Amino acid sequence: MSIESETSDPAVDSHVEEIAAEFGDAITQLPVYQRFAEAKAAVENDEQAQEKIEEFESIREEFMLARQTGQADQEALRELQAAQEELHDLPVMSEYLEVQSELELRLQELNEVVSEQLVVDFGEKAGGCCED
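All of the points below concern the structure found in this document. (Residues numbered from 1 in each chain as written. Predicted model: local features only at pLDDT ≥ 70, side-chain atom pairs only at ≥ 80, totals over all residues. Heavy atoms only, no water.)

With that settled, consider the side chain of Ser115. As for its placement among the helices and strands, Ser115 is situated in helix H5 (residues 91-118). Other than its neighbours up to four places away in sequence, Ser115 contacts Val120, Asp121, Phe122 and Gly123. (Helix = DSSP H or I, 4+ residues; strand = E, 2+ residues; numbered from the N terminus. Contact = heavy atoms within 4.5 Å.)

Structural data, given as structure tokens:
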């Protein structure tokens, strides 16, 4: 069974792209997005946060390698969890994670509005590459 493709109308395509760009711009104007951008910049400019991120990533990489080779143990997992807690306990990181969660919720709400019009989960289809 084949699906015949229709030729696209360049004017319609251009209009849809323009609306999509406006939508993206409008999202960046949301107060929650503004707070997210500020919190992200604060984390990126915080020396202690950057050190803790590097430390956590190093421990995480070691743990993942150990897990792949069957050598990961509970002590390694506890070390990873402790490093993550130390990172998340930094006020600048805690604020970032909180506002990131708020932004994700708002984007999910917007996804639902778009998806309702398309009768398909827009965020899932647009953001995912593979499905089981």
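By the definition in use, this model includes 6 salt bridges. In this structure, Arg35 engages Glu102 in a salt bridge whose closest nitrogen and oxygen atoms are separated by 2.2 Å. A residue pair is termed long-range when its members are at least 10 positions apart, and Arg35 in helix H2 (residues 31-45) and Glu102 in helix H5 qualify at 67 residues. Since its relative accessible area comes to 36%, Arg35 is described here as partly exposed. Look at Glu102 and you get partly exposed, because its relative accessible area is 30%. Linking Glu109 and Arg106 is a salt bridge whose minimum nitrogen-to-oxygen distance equals 3.0 Å. Highlighted residues: Glu109 and Arg106, both in helix H5, separated by 3 residues, approximately one helical turn. Arg106 gets classed as partly exposed once you look at its relative accessible area, which sits at 31%. (Salt bridge = Lys/Arg side-chain N within 4 Å of Asp/Glu carboxyl O. Buried < 20%, exposed > 50% of the residue type's maximum accessible area, 1.4 Å probe, protein only.)

Take the layout of surface pockets next. Of the pockets and cavities examined, the largest pocket occupies roughly 180 Å³. Contributing to the lining of the largest pocket are Val16, Ile19, Ala20, Phe23, Val114, Leu118 and Phe122. Mapped onto the lining of the largest pocket, the elements with two or more residues apiece are helix H1 (10-28) and H5. The dominant element in the lining of the largest pocket, judged by the number of residues it contributes, is H1, at 4 residues. For the lining of the largest pocket, the per-class residue count stands at 7 nonpolar, no polar and no charged. (1 Å grid on protein atoms, 1.4 Å probe; cavity = no way out; pocket = protein on both sides within 12 Å on 5 of 7 lines; lining within 4 Å. Points joined across faces, edges and corners; volume = space filled by probe spheres on them. Nonpolar A, V, L, I, M, F, W, Y, C, P; charged D, E, K, R; others polar.)

Before going further, it helps to examine the nonpolar core. Within the largest apolar cluster, 21 residues are counted, with the highest numbers of intra-cluster contacts made by Val43, Leu90, Met93 and Tyr96. Mapped onto this core, the elements with two or more residues apiece are H2, helix H3 (47-68), helix H4 (74-89) and H5. Of the residues forming this core, the biggest block, 6 residues, is contributed by H5. Among residues more than four places away in sequence, those in contact with Tyr96 are Phe36, Ala39, Lys40 and Val43. (Core = buried A, V, L, I, M, F, W, Y, C linked by side-chain atoms within 4.5 Å.)

To continue, consider the environment of Arg35. Note: C-alpha distance between Arg35 and Glu102 (67 residues apart in sequence) is 9.7 Å. Once residues within four sequence positions are removed from consideration, Arg35 is found in contact with Val99 and Glu102.

Turning next to the packing of aromatic side chains. Summed over all chains, the structure comprises 2 aromatic pairs. Here the aromatic rings of Tyr33 and Phe36 are separated by 6.2 Å at their centres, their planes lie at 50°, and the arrangement is tilted. A residue pair is termed a helical-turn pair when its members lie 3 or 4 positions apart in one helix, as Tyr33 and Phe36 do in helix H2 at 3 residues. Taking the relative accessible area as the measure of exposure, Phe36 reaches 13% and is therefore buried. Taken together, Tyr33, Phe36 and Tyr96 form an aromatic cluster joined through their ring pairs. (Phe/Tyr/Trp six-rings, centres within 6.5 Å; stacked < 30°, edge-to-face > 60°.)

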